[in-house]
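Chain by chain, the residues run as shown.
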Amino acid sequence: MTFKVKTICCIGAGYVGGPTMAIIADRCPELMVLVVDINKQKISDWNNKDLSKLPVYEPGLSEIIERCRNKNLFFTTKIMESIKKSDMVFISVNTPTKEYGLGAGEASDLRYIENSAREIASAAEGHTIVVEKSTIPVKTAEVIKKILASNQKKSTSTFSVLSSPEFLAEGNAIEDLENPSRVLIGGECTDAIEALANIYLKWVKKEKILKTNIWSSELSKLSANAFLAQRVSSINSISALCEKTGANINEVSEAIGMDDRIGAKFLNSGPGFGGSCFKKDILNLIYICKYYGLHEAAIYWENVIKINEWQQKRISDLVVNKLFGTVIDKTIGILGFSFKANTNDTRESPAINICKNLLEEGAFLNIYDPKVEGDKIKNNLKEVIFTSNKKNHLKISIMASVNELVKNCDAIIILTEWDEFKSIDWSNLSKSMRSPSWIFDCRDIIKEDENIPTDNGLNIWKLGCDRK
Ligand code: UDX
Ligand code: UDX
């Protein structure tokens, strides 16, 4: 039986669901695409006429929303009604790490996946293809299938469950969705697999659509993220060694990346990996390894996370040491707060730990990020932003520009690789800093050939390059 798909629904209008559905709507004008979310504010933000107010910032996204919104792409809070109308439902809700109970700190909290499955079971009519888009632990499809089977309201409704994890990287989502490295579809029902493949075939070449069994598909996403994170931890461990030995991390990266077997991508040393996926997915991998009694494998992956935490502590400790062992009452400028450039997402951003460490050391922080709202920054640092003596005295200031940020700073730390930071005239700007002043470049923003004069008390430190 071939399945005719006319209407699709996506539960979860976040960083994955929003952009993914926007591209599907854009590339498949014949499809009706309904995006639902329990968060009413988020839906109203997606419907905002002012496109700069969309809840997700991604280069190229607002143009697509403008083209498709209210034509064949609808953002709505009518969850049940939308599921009922749909032939295919994507689950794109968040799967955070469990905070308490069995597996706390490692296992994924699947309550939102469960909620979504229950919603689908009670609202769906006819045959519905359910697609897991969220990154989930291997074997989650079994949970979804059980919930669907035991909760369905109408005896005539039937389901097929597919796993099709999304590999987009934030900040590059539109490009990744338009030209994916691969589209992975795992499942048992060939007709359901074909129905989803036919959607992607509208713009993705057949050779890039990989069909697997459902468990391979689920595990591939976790493994891909763990491998990528492992590269970041590997290069960051080498950055520390460079600083001790006088080697230069950029030269080492280039030299090792030219080996085809290693490859040049994902070898940028920095303040460590952030984002909603890497840490959570590795923790989940660790939990699964332990569950199956594979303790050595669990320890192996645990160390990828430990190196990441160590890199952040290493940076904040180094800043304190360079500033004569104390940052009490000194002002430090933080350039960039998102976990990487071109996104307003701050989940697990390395800036959070680095700022917290410096605030705990007694520093005042001036923070500037081109796309992250001030309230979000404050919320991420809420436990540590007040001085210990006066509870209403804030220790952070959110700045509106780089120029405003540098004034009277003792040091600047570059934590996100925003393009805007690449054209800063440091020799000029550093004049308004307090001397001796420091710039800590953790994202290779300041190039060696810039030759910034340092005879006026300005010191420049570059991660993985400097042992001064
Ligand atoms: C994604 C993936 O789905 C997740 O598994 C992955 O590992 C990280 O990235 P993302 O889109 O980034 O999640 O998450 P988020 O931006 O938090 O969006 C999830 C949305 O689902 C939220 O807007 C939330 O309100 C919504 N939601 C959650 C529902 O609509 N229903 C629920 O029951 C729970
Ligand atoms: C990642 C995966 O790339 C994507 O395929 C998956 O779907 C979700 O998780 P994302 O977290 O959005 O995507 O961003 P990514 O570009 O992978 O960066 C993750 C972190 O690693 C960022 O904090 C980034 O700054 C850091 N990173 C990346 C480095 O420090 N060095 C590098 O060379 C590359």
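Just so it is clear, the model here is predicted, and its values are computed rather than measured. (Residues numbered from 1 in each chain as written. Chains lettered and ligands numbered in written order. Predicted model: local features only at pLDDT ≥ 70, side-chain atom pairs only at ≥ 80, totals over all residues. Heavy atoms only, no water.)

Visitor: What am I meant to see in the packing of aromatic side chains here?
Guide: Between two aromatic rings, the relevant description is the distance of the centres plus the angle of the planes. Tallied over the entire structure, the rule returns ten aromatic pairs. A centroid spacing of 5.1 Å and a plane angle of 85° characterise the contact between Tyr300 and Trp301, whose relative ring orientation is edge-to-face. Residue classification places Trp301 among the buried residues on the basis of a relative accessible area of 10%. Here a set of aromatic residues connected by ring pairs shows up, and it is made of Phe227, Tyr300 and Trp301. Sitting over the ring of Trp310, Arg314 keeps its end group 5.5 Å from the ring centre. Sitting over the ring of Tyr57, Lys371 keeps its end group 4.5 Å from the ring centre. (Phe/Tyr/Trp six-rings, centres within 6.5 Å; stacked < 30°, edge-to-face > 60°. Buried < 20%, exposed > 50% of the residue type's maximum accessible area, 1.4 Å probe, protein only. Lys NZ or Arg CZ within 6 Å of the ring centre and 35° of its normal.)

Visitor: How should the site of ligand 1 be read in this particular structure?
Guide: Around ligand 1 sit 20 residues, and of these Val16, Asp37, Lys42, Lys280 and Arg347 come closest. The side chain of Thr95 places a nitrogen or oxygen atom 3.0 Å from an oxygen atom of ligand 1. Ser134 has a polar side-chain atom sitting 3.3 Å from an oxygen atom of ligand 1. Burial of ligand 1 by the protein chains amounts to 93% of its free accessible area of 690 Å². Residues that form the shell around ligand 1 fall into these classes: six nonpolar, ten polar and four charged. (Near = heavy atom within 4 Å. Polar contact = N/O pair within 3.5 Å; in protein donor to acceptor, adjacent residues only side chain to side chain. Areas by Shrake-Rupley, 256 points an atom, 1.4 Å probe, with all protein chains shown as cover. Nonpolar A, V, L, I, M, F, W, Y, C, P; charged D, E, K, R; others polar.)

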